[in-house]
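# Secondary and tertiary structure notes
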Amino acid sequence: QVQLVESGGGLVQAGGSLRLSCAASGRTFIISAMGWFRQAPGKEREFVATINWNGGSTQYEDSVKGRFTISRDNAKNTVYLQMNSLKPEDTAVYYCAQRVPGNGVGSRDRYDYHYWGQGTQVTVSS
């Protein structure tokens, strides 16, 4: 049973930084691509970033390029999202997701992910 637990969300002023962490259970993390998605009230869940199984390939949604960095530490079964230069429009619940074991290629599509965390709230004030 794969379980994902996000942490690191909170309140921050515009221009500030936060680092989100996602701890994964089990032995399948190291062969699976990971992703971060976010959902604001009244909006669809949207892609933020993805990373392949060994961290050698990353992709980002256009609005976060140059500000956010996704990384992973396979020895710790953890994926991170470093968020810098935060803007009020970044306010959302952020979700960590894992593809099914054996799918090591990153994806922008939320329907390609089989396991999801409960989310962590990020609020950016102006």
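Residues numbered from 1 in each chain as written. Predicted model: local features only at pLDDT ≥ 70, side-chain atom pairs only at ≥ 80, totals over all residues. Heavy atoms only, no water.

## Describing the overall build of the protein chain
- If you tally the helices and strands in the protein chain, you get 0 helices and 11 strands.
- Starting at the N terminus and walking to the C terminus, you meet the elements of the protein chain as β-β-β-β-β-β-β-β-β-β-β.
- Taking 126 residues into account, the globule formula puts the C-alpha radius of gyration at 14 Å, and the protein chain, at 13 Å, falls close to it.
- Taken along its principal axes, the extent of the C-alpha atoms in the protein chain is 40 × 25 × 25 Å.
- Residues counted as buried form 44% of the 126 residues belonging to the protein chain.
- The contacts of the protein chain with a sequence gap of at least 6 include a subset with a gap of at least 24, amounting to 60%.
- As displayed, the protein chain has an accessible area near 6400 Å², and 46% of this comes from carbon and sulfur atoms. (Helix = DSSP H or I, 4+ residues; strand = E, 2+ residues; numbered from the N terminus. Rg over C-alpha atoms; globule rule 2.2 N^0.38 Å. Buried < 20%, exposed > 50% of the residue type's maximum accessible area, 1.4 Å probe, protein only. Contact = heavy atoms within 4.5 Å. Areas by Shrake-Rupley, 256 points an atom, 1.4 Å probe, with all protein chains shown as cover.)

## Re the side chain of T78
- Structurally, T78 can be placed in strand β8 (residues 78–83).
- Classification of T78 as buried rests on a relative accessible area of 10%.
- Among the polar contacts made by the side chain of T78, one reaches the main-chain carbonyl oxygen of K76 at a distance of 2.9 Å.
- Aside from chain neighbours lying at most four places away, what touches T78 is S21, C22, A23, F29, S71, R72 and D73. (Polar contact = N/O pair within 3.5 Å; in protein donor to acceptor, adjacent residues only side chain to side chain.)

## Considering the state of the cysteines
- Tallied over the full model, the rule gives 1 disulfide.
- The partner cysteine of C22 in its disulfide is C96, sulfur to sulfur 2.1 Å. Here the disulfide of C22 and C96 is left-handed, its torsion about the S-S bond being about -75°. Here C22, found in strand β3 (residues 18–24), pairs with C96, found in strand β9 (residues 92–99); they are 74 residues apart in sequence, far enough to count as distant. (Disulfide = S-S within 2.5 Å.)

## Re the nonpolar core
- If you look at the biggest cluster of nonpolar residues, it comprises 27 residues, and the most contacted ones within it are W36, V79, L81, M83 and Y94.
- Secondary-structure elements contributing two or more residues to this core are β3, β4 (34–39), β5 (46–51), β7 (68–73), β8, β9 and β11 (120–125).
- Residue contributions to this core peak at 4 residues, all from β3. (Core = buried A, V, L, I, M, F, W, Y, C linked by side-chain atoms within 4.5 Å.)

## Points about the packing of aromatic side chains
- The full count for this structure, using the stated rule, is 4 aromatic pairs.
- With 6.2 Å between their ring centres and 65° between their planes, Y113 and W116 make a pair best called edge-to-face.
- Of the residues examined, Y113 reaches a relative accessible area of 5% and is grouped as buried.
- Joined through ring pairs, the aromatic side chains of F37, F47, Y113 and W116 make up one cluster.
- When the ring centre of Y95 is taken as reference, the NZ or CZ atom of R45 above it lies at 3.7 Å.
- The ring centre of F29 lies 4.3 Å from the NZ or CZ of R72, which sits over that ring. (Phe/Tyr/Trp six-rings, centres within 6.5 Å; stacked < 30°, edge-to-face > 60°. Lys NZ or Arg CZ within 6 Å of the ring centre and 35° of its normal.)

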